[in-house]
Amino acid sequence: MRVACDEDGIRSFFVRGTSNIAWLTAFDGVFDDEDAHVLLVTPHDAVLHTDSRYVEAARAAAADGPIVVDDARKSHAAFVAEIFAERHAGQDAPIVLGIEDAIALGEYRALEAAFADVVEPPRLRETSRFVLNLRGVKDAGEIARMRAAQAVTDAAFAHIVGFMRVGMTEREVQIELEDFMRRHGAEGLAFPSIVAAGANAASPHAVPGDARLEAGQCVVLDFGARAHGYCSDMTRTVFLGEPDARLREAYAAIRQANEQVEAALKPGVTGAAMHELAESVLAEAGFAGKMGHSLGHGVGLDIHEEPNLSPRNPNPLVEGNVVTVEPGVYLPGEFGMRLEDYGVVTHDGFAVFTQTTHDMVII
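This report concerns the structure included in the present document. On a predicted model such as this, the values are computed, not experimentally measured, just so you know. (Residues numbered from 1 in each chain as written. Predicted model: local features only at pLDDT ≥ 70, side-chain atom pairs only at ≥ 80, totals over all residues. Heavy atoms only, no water.)

1. Notes on the sheet that holds strand β12 (residues 234–239)
- One open sheet holds the 4 strands; their spatial order is β8-β9-β12-β20, and the pairing between them is mixed. Lying at the two open borders of the sheet, with one neighbouring strand each, are β8 (194–197) and β20 (361–362).
- Inspection of the sheet shows β8 paired to strand β9 (residues 218–223) by 4 bridges, in the antiparallel sense. In the sheet register, Ile 194 faces β9, and the bridge partner there is Asp 222.
- Set on the sheet, helix α8 (residues 170–183) makes contact with β8 and β9; between it and β8 the angle comes to about 150°. (Pairing = 2+ DSSP bridges. Helix = DSSP H or I, 4+ residues; strand = E, 2+ residues; numbered from the N terminus. Contact = heavy atoms within 4.5 Å. Axes fitted to C-alpha atoms, helices over the stretch in contact; angles between N-to-C directions.)

This is the structure:
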């Protein structure tokens, strides 16, 4: 973080996003979904401002390390202004303080007001996805955590295909799937699971409901576990009875798109090129323009991170990027299907975390 700040002419950095704070501190078992923390990264230390609900856990995680934990009963803006003034007293020129562009406008105004009373206020510099881009390259420890999360997810799929049967509702399958993950090693869900049968699956983010599984349908299952703070993500499409020729054609197309992209992924290829490769495979099979969404996204502490396999991403992938590969075909009023793995870009290719087969699963 400090190296990146130095390269960008930033002296200190105000971090507000909870996932960014969790990544920078490397604290386990401290943060939840509450937006209750701020981290000020200075050239020599980092100061976490939290409250009484989290302070003991944070201090235990910090131990004797370089992160100072404080639960002073004041606003984040007032606290940061005070700490900044202490750390940068006596500077000859204005100090550049980086801020995230994701902070609320009201919080930005509060920072301005708090710094108005500082003798030597900083020059606030808005940054875009600064910490997120750093998070886009995973280290060995992060990869091990994601592999563990995926092991739970693979096991959940093996369980659910033995549980599903015609007549169940989408919601019944979702409940069983999520309960299995929680009972077999997941500390939580990476996201609310998708179970979408028949024509409902033509909506990529369908919400499971009371629709019942029927013979002849395909069912999309998109789900993931969270383990050791990190997410997994996979999608499989299963078939209730022998699929007809049209379903087989579509499944063969998404499998080919998935496997060709995974074989092509390596450092230097762009997210846009990988998306275009998948689109070309689908088009050749007769499903041009039937995917609609981007081919994939980064995964880590959050289910959607950098980088994206998207037509809007011209940047080359690098070793350590963790991405999904999830081509799909969606025909409104008929069916939808998707096949998703995720893995890490290595020095010469792509190592897939997902261990579940690509073969057609027929129940």
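Next, the rest of the story.
2. Focus: α8
- In a regular helix each residue adds 1.5 Å, so 14 residues correspond to 20 Å; α8 covers 20 Å between its end C-alpha atoms and thus fits that length.
- Within the span of α8, buried status applies to Glu 170, Val 173, Gln 174, Glu 176, Leu 177, Glu 178, Phe 180 and Met 181.
- Buried residues belonging to α8 abut α7 (140–163), β7 (188–189), β8, β9 and β10 (225–227).
- Just beyond α8, the residue with positive phi is Gly 185, at close to 115°. (Expected span 1.5 Å × (residues − 1). Buried < 20%, exposed > 50% of the residue type's maximum accessible area, 1.4 Å probe, protein only.)

3. Observations concerning the pattern of salt bridges
- Enumeration over the complete set of coordinates arrives at 23 salt bridges.
- A salt bridge links Glu 107 to Arg 16; the shortest N-O distance between them is 2.6 Å. Residue Glu 107 is found in helix α5 (residues 105–115), and its partner Arg 16 is found in the loop between β1 (12–15) and α2 (18–25); the two are separated by 91 residues along the sequence. Both residues of the pair, Glu 107 and Arg 16, count as buried. (Salt bridge = Lys/Arg side-chain N within 4 Å of Asp/Glu carboxyl O.)

4. Regarding the sheet that holds β7
- With antiparallel pairing, the 3 strands of this open sheet are ordered in space as β7-β10-β11. A single partner strand is all that each edge strand has here, and the edge strands are β7 and β11 (230–231).
- Judged from the 2 bridges that link them, β7 and β10 form a sheet pairing that is antiparallel. Within the sheet, the bridge partner assigned to Leu 189 lies in β10 and is Ala 225.

5. Some points on helix α3 (residues 55–62)
- Burial in α3 covers these residues: Val 55, Ala 58 and Ala 62. One face of α3 carries all of its buried residues, which in axial projection span an arc of 65°. Within α3, the exposed residues directed more than 90 degrees away from the buried face are Glu 56 and Ala 60.
- Contacts from the buried residues of α3 go to β3 (46–49) and β4 (67–70). (Arc of directions from axis to C-beta.)

6. Looking at the pairing of strand β18 (residues 341–345)
- Judged by how many residues are buried, β18 sits mostly within the fold: 5 of 5 residues are covered.
- Examined bridge by bridge, strand β15 (residues 322–325) and β18 share 4 bridges and lie antiparallel to one another. If you follow Val 325 over to β18, its bridge partner there is Asp 341.
- Between the end of β18 and the start of strand β19 (residues 350–352), which pair antiparallel, lie 4 residues.

7. Re the packing of helix α4 (residues 76–87) against α5
- In contact at an axis separation of 8 Å, α4 and α5 are set at 40° when each is read in the N-to-C sense. Our classification of the angle between α4 and α5 gives oblique. Seen along the crossing, α4 lies across α5 with a hand that is right-handed. Taking contact as the criterion, the partners of His 76, Ala 77, Ala 78, Val 80, Ala 81 and Phe 84 in α4 are, on α5, Glu 107, Ala 110, Leu 111, Ala 114 and Phe 115.
- Split into classes, the residues belonging to the contact of α4 with α5 amount to 9 nonpolar, 1 polar and 1 charged. (Parallel < 35°, antiparallel > 145°, perpendicular 65-115°, else oblique. Left-handed = near helix turned anticlockwise from the far one by under 90°. Nonpolar A, V, L, I, M, F, W, Y, C, P; charged D, E, K, R; others polar.)

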